[in-house]
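An overview of the molecular structure
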Amino acid sequence: MKNWDTIKLIDDHKKDNIYILQLNRPETMNALNTQMGKELIECFQYLETLTDLRVLILTGSGEKSFCVGGDLKERKGMSQKDWKLQHDIFEEAYEAIRNFSFPTVAAVNGFALGGGLEMALSCDLCYVAEHAKMGLPEVKIGIIPGAGGTQLLPRAIPIKVAKEFLYSGKHMTSTESREFGLANGVFPSESLLEETLKAVKGIAKNAPLSLKALKQSIDKGIQTDIEKALSIELEEYYKCANSQDREEGIMAFNEKREPVWQGV
């Protein structure tokens, strides 16, 4: 198991094919700094090599904050050149989250602001603590979201609601996140991770090739017209249909046993 300074990879649930990636800068409310960006890139490269991973949960340390976005103390006095170099790192880190092969699940354990909410939006599913507050307040400091916020939020909730939050920079409550469709579920703070694990265990039991194909089909298909999207679906379908795991799935069903997936 690899170790990093600003993030922590937890494998306590790897027997269920679930790993937990924890942002680990509680003294800054898990603000994203340059080091964390670099370590997220390295970590996701490592995660892609794990053969027993089916679902990744992304959460923050402590109970106050998931992530409050970019570390503004680090950015104080930063030159335009250094700001751009840092943002290049952040862009690569968020791309790694969005493009990860298997389902990613945000467990939002507190504030998710700016880049923190963009990180949650970059995940496939989102479960939220009752006390959590989310928002994209960049407009209040003279910028706009730059890690997907203006594109991912309107794809997650109604566009007029998204625009209201983007234009105002105000916070969204956990109740609102559920009502608008951003959150898949809302749980008490003390049981958020436990409930999130329960919610995704059924996902993690499924065929790895199918999970990867589903993610590819959905994420690529939603960005294009229906005819192209259906061709993407068929391409991914046949990757599964021509696999050994498909044969194993049919055999296990007829033999009334749990399938043993090989990922091939």
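I will try to describe carefully the structure that is included in this document. Here the structure is a predicted model, which means the values were calculated and not measured.

One open sheet holds the four strands; their spatial order is E4-E6-E8-E9, and the pairing between them is mixed. For this open sheet the edge positions go to strand E4 (65-67) and strand E9 (172-173), each flanked by a neighbour on one side alone. As paired strands, strand E6 (residues 111-113) and strand E8 (residues 133-135) are joined by two bridges and run parallel to one another. In the strand pairing of E8, Ala 112 is matched with Met 134.

As summarised here, the arrangement of the six strands in space is E1-E2-E3-E5-E7-E10, forming an open sheet in which the pairing is mixed. The open sheet is flanked by strand E1 (7-10) and strand E10 (185-187), the only strands paired with a single partner. Neighbour to neighbour, the strand axes of the sheet diverge by 20° on average, direction disregarded. Summarising the sheet, strand E5 (residues 104-108) and strand E7 (residues 125-129) pair through four bridges and their orientation is parallel. Following the sheet pairing, Ala 106 is matched in E7 by Cys 126.

This part takes up the side chain of Glu 248. Turning to its location among the elements, Glu 248 is positioned in helix H11 (residues 244-254). We classify Glu 248 as buried; its relative accessible area is 15%. Every residue in contact with Glu 248, bar those within four places of it in the chain, is listed here: Arg 257, Glu 258, Pro 259, Val 260 and Trp 261.

Calculation rules
- Residues numbered from 1 in each chain as written.
- Predicted model: local features only at pLDDT ≥ 70, side-chain atom pairs only at ≥ 80, totals over all residues.
- Heavy atoms only, no water.
- Pairing = 2+ DSSP bridges.
- Helix = DSSP H or I, 4+ residues; strand = E, 2+ residues; numbered from the N terminus.
- Axes fitted to C-alpha atoms, helices over the stretch in contact; angles between N-to-C directions.
- Buried < 20%, exposed > 50% of the residue type's maximum accessible area, 1.4 Å probe, protein only.
- Contact = heavy atoms within 4.5 Å.

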